[in-house]
Amino acid sequence: MTKLLFSFAGMLLLFSAQSQSLTQTIKGQITDEQSGAPIIGATVVLIGSNPPIGGITDVEGYYRVEGVPIGRQSLGVSYLGYEAISIPNILVGAGKEVVVNAKMIESLEQLDEVVVSASEHQKGQPKNELATVSAISLGMDEISRFPATFNDPARAALMFAGVQTGGDDLLNEIVIRGNSPKGILWRLEGVEIPNPNHFTSIGSSAGGISMLSNNMLANSDFFTGAFPAQYGNATSGIFDLQLRQGNFEKHEHTAQIGLLGVAAASEGPISKGNRSSYLVNYRYSTLAMLTQLGLNILGEQEAINFQDLSFKIRIPTKNLGSFSVWGLGGKNSYRFLPDRSNGDWENDKEDQTTAVAGITNIMYVSEDSFFETILSTSYNQISNQFDSLEVLTIEKQNFIESQTRFSTFYNHKFSAQHTLRVGTILSRLSYDLTNFYWDREREEHVTPLDENDHAGFYQAFGNWQFRTSNQFTLNTGLHFSHFALNGKSYLEPRLGFKWDRGTHVLSGGLGLHSRMETVALYTARQYRSDGSFVQNNKDLGFTQAFHSALGFEKMLKPKLRLKAEIYYQYLFNVPVWPNDTTPDFRLITFSALNTFDGYTPDELANDGTGKNYGLELTLEQFLSKGFYMLSTASLYRSLYTGADGVERSTQFDGGYIFNFLAGKEYKVGRNGNNSISLNGKLIFAGGKRQAPINIAASINEGHTVYRFENNYEMKLDGYFRMDVGISYRKNKKRTTSVISLDIQNLTQRENEFFRYYDVGNRSVVSEAQISFFPNLSYRIEF
């Protein structure tokens, strides 16, 4: 493998031909952080340019800086009465214009002269101005730079403190601060969406391949706890993703091919007079394309296919504000045909279709007030069928869920000190859920799920931001939720603060949060002996959590930042087995906090609890002279109680997570227009937990028997993974091309997935996760 990397690097050097000096345009919009209003007359300059290169924002806050040299550049933005800002390390290429939008904060102090701050405190700060702690901005440049993320926000989040894999490297499932991945909320364009991943399951937050494309995404926010008041239905973490706007002045295109798909994107103006634009991206499975060409890489037994489409159209108007029409859709399938010569007999058919679309309107009613209104609809179908050579259906699932949502909020900036935001989200949750399986004992099909109905889910929130000075900001708020299916309601206070002392920053947050289970759990049927059924969990409440976090950050050097956070989370009303009278320890020790997906018809009760607490450290070297570094260390505990009231480790209680990421960019070519990037990543984390194996009982019964009375006491081996990436970027006149190689698990370490008793070998063996995955890709922008 080392020879492969050196050969690839040598090939890139051969391609680094001499080139002429190239320039590009940087443009964007400057707005007020609290009101969102455009800032007219702000000065935007290219830092370090001589003679100075810059521009002035127009009446809509837009600026344009032309003649910017190719490579890494930094902008400074200033305006009288506002705190000046700097935007470092903007990647400028020849193929496409660079759009950089920025928000400025109105100063509470009299400013006699404007000075562009060189402070790096703001780097990585969330786009949502109401977030104070446990939140970070996911930059698309960073996602593309991190090795083996495959342009997936969830895989990129693995590098942040407190985040680890869910235990299967085939999926992008992540565990945040010891919480179940089910507690993660996905949002797009300001509204909740279904799980945006291919090859997923009901109730899951993850999948094998993301439907999202870095061609479409703008910088977005990722939360790990203590969420602001406008967010609901989440207890673990939040991905708040935004689609970027297409170029409203110039048509631009991108094409990309790699192991994970062949993609094409296009953007440009619809009407140059009003700054309307379109942006669209489509991707199709490379494996499926090769199969259609007669190259069946997976063999005759397996077939995988997927495709996805995303788009955004923006249309500004004179009197009704700006409108955006946006959408995301994906379709995938998996087939497994048995090899009859080996005695296999079970067919596996899996299909999934996901679609979400919406229309967003932002309308200003005054200079300091605006409404943001979103009407969206989504559809998600997951179908699975297992049968014996299509003779007997062993199990068949068809889950269809659709949601229609109306979301609106009003934002008003009373002054530089006070800002109020209030809003509501009205959701109609429709579902058509079917599941039946063959009961071998009764020799008949049983239908635990057969529901076609709808339910309402209503949310409201209010958030008040109070800035006592330029240094101290206080956010307080309330979030309210009501689930019409069973009449349950939740009122959740939130609080956050940030105190910037110049040399260091203190931040904190606390609040109540809740998360509903999948609708299938509320509507599942359990049959009685007379053939009637009962829906045991229709009145089940939401899992609730109290989050608290305290953060500290300090610039040790101009480009070196240290961050620390301590947190405590108490979870309550957790679904567990309803009593401790059963002799089955598998049931007594059950808790929803240890599940990834799925549902059960068995009766549950909101009697469980849990707690997560820990310390997270982050040392970050910002990109400087082509080098960057990110190192994180997390020490934590994740505990729960089931029906018997005994406190145990959750299966996610690994105890520690250590990450190290570093990379270097080298300029090549006569004028330094081209570059080679080398990136490496190390992950070392405590192993997941499972019930110990009763070897004597396993031998006697001929299958794996677990000691559930000691559930999650056995800890799997520690998780270790090394990922590397190498890329070559070449700029020509009007084009930028990138060829890259990413390798997940370079050392081919076989991390443990779970352990079981192998009857044939009469010993306990480990099932391993995916050991090695390379992805070679080529991308061109023009």
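Report on the accompanying structure. The residue count restarts for each chain, going from 1 along the sequence in the order it is written. Only residues with pLDDT of 70 or above have their local features reported here, since the model is predicted, and side-chain atom pairs are shown and tallied only from 80 upward, although totals for entire chains, interfaces and linings are computed over all residues. Excluding hydrogens and water, the side-chain figures rest on all heavy atoms present in the structure.

1. A look at the pairing of strand S21 (residues 302-316)
Strand pairing is assigned whenever DSSP detects at least two bridges linking the two strands. A run of H or I in DSSP becomes a helix once it reaches four residues, and a run of E becomes a strand once it reaches two; helices and strands are each numbered from the N terminus. In this structure, strand S20 (residues 276-284) lies alongside S21, joined through eight bridges in antiparallel fashion. For Tyr278, the partnering residue across the bridge sits in S21 and is Ile313.

2. Structural notes on unusual backbone geometry
Omega for the bond connecting Asn50 with Pro51 falls within 30 degrees of zero, at 0°, which places this linkage in the cis form. Within the element layout of this structure, Pro51 appears in the loop between strand S2 (43-46) and strand S3 (54-56). Here Arg177, not a glycine, exhibits a phi torsion of approximately 55°, which is positive. You can see Arg177 is positioned in the loop between strand S11 (174-176) and strand S12 (184-188). Residue Arg177 is classed as buried on the basis of its relative accessible area of 2%. Here Ala226, not a glycine, exhibits a phi torsion of approximately 50°, which is positive. Looking at Ala226, the relative accessible area reads 14%, which means it is buried. Residue burial is assigned from relative accessible area. The probe radius is 1.4 Å, only protein chains are included, and a residue is buried under 20% of its type maximum, exposed over 50%, and partly exposed in between.

3. Side note on the nonpolar core
Joining through side-chain atoms within 4.5 Å is the link that ties buried Ala, Val, Leu, Ile, Met, Phe, Trp, Tyr and Cys residues into a set, and such a set is a nonpolar core. In terms of nonpolar packing, the biggest core is built from 36 residues, with Ile174, Trp186, Phe222 and Phe239 touching the most fellow members. Taken together, the elements giving at least two residues each to this core come down to strand S9 (135-138), helix H2 (140-145), helix H3 (153-156), S11, S12, strand S17 (237-241), strand S22 (322-336) and strand S36 (627-641). With residues near it in sequence (within four places) discarded, Trp186 still touches Ala154, Val191, Glu192, Ile193, Asn195, Pro196, Asn197, Ser205, Leu212, Phe239 and Leu241. Counting 23 residues, the second largest nonpolar core, distinct from the first, contains Tyr63, Val100, Ala102 and Met104. Contact between two residues is taken to exist if any of their heavy atoms lie within 4.5 Å; hydrogens are not considered.

4. Things to note about the packing of aromatic side chains
Ring pairs are drawn from Phe, Tyr and Trp, using the six-membered ring of Trp, whenever the two centres fall within 6.5 Å, and their geometry is named by plane angle: stacked under 30 degrees, edge-to-face over 60, tilted for the rest. Counted under the stated rule, the structure contains 28 aromatic pairs. Considering the side-chain rings of Phe223 and Tyr231, the 4.9 Å spacing of their centres and the 55° angle between planes classify their relative orientation as tilted. Owing to a relative accessible area of 1%, Tyr231 belongs among the buried residues under this scheme. An aromatic cluster of three or more residues is present, and its members are Phe457, Phe483, Tyr490, Tyr522 and Phe542. Note on criteria: charge over ring means Lys NZ or Arg CZ within 6 Å of the ring centre, with the direction from the centre no more than 35 degrees off the ring normal. In this structure, Lys27 packs its charged tip against the face of Phe248, placed 5.1 Å from the ring centre.

5. A closer look at the environment of Lys96
Topologically, Lys96 is positioned in the loop between strand S6 (85-92) and strand S7 (98-99). For the pair formed by Lys96 and Thr736, sequence separation is 640 residues and the distance between their alpha carbons is 7.7 Å. Setting aside chain neighbours within four positions, we find Lys96 in contact with Gln24, Arg244, Glu252, His253, Thr254, Glu267 and Glu781.

6. Concerning the environment of Met211
By the element assignment, Met211 lies in the loop between strand S15 (209-210) and strand S16 (220-223). Along the sequence, Met211 and Gln307 sit 96 residues apart, while their C-alpha atoms lie 8.2 Å from each other.

7. Describing the side chain of Thr704
Here Thr704 is to be found in the loop between helix H7 (695-701) and strand S41 (714-715). One polar contact links the side chain of Thr704 to the main-chain amide nitrogen of Tyr757, over a distance of 2.9 Å. In this structure, Thr704 is in contact with Ile693, Ser698, Tyr756 and Tyr757, ignoring residues within four places of it in sequence. Whenever two N or O atoms come within 3.5 Å, that pair is a polar contact, provided that in protein one can donate a hydrogen and the other can accept it, and provided that, for residues adjacent in sequence, both atoms are side-chain atoms.

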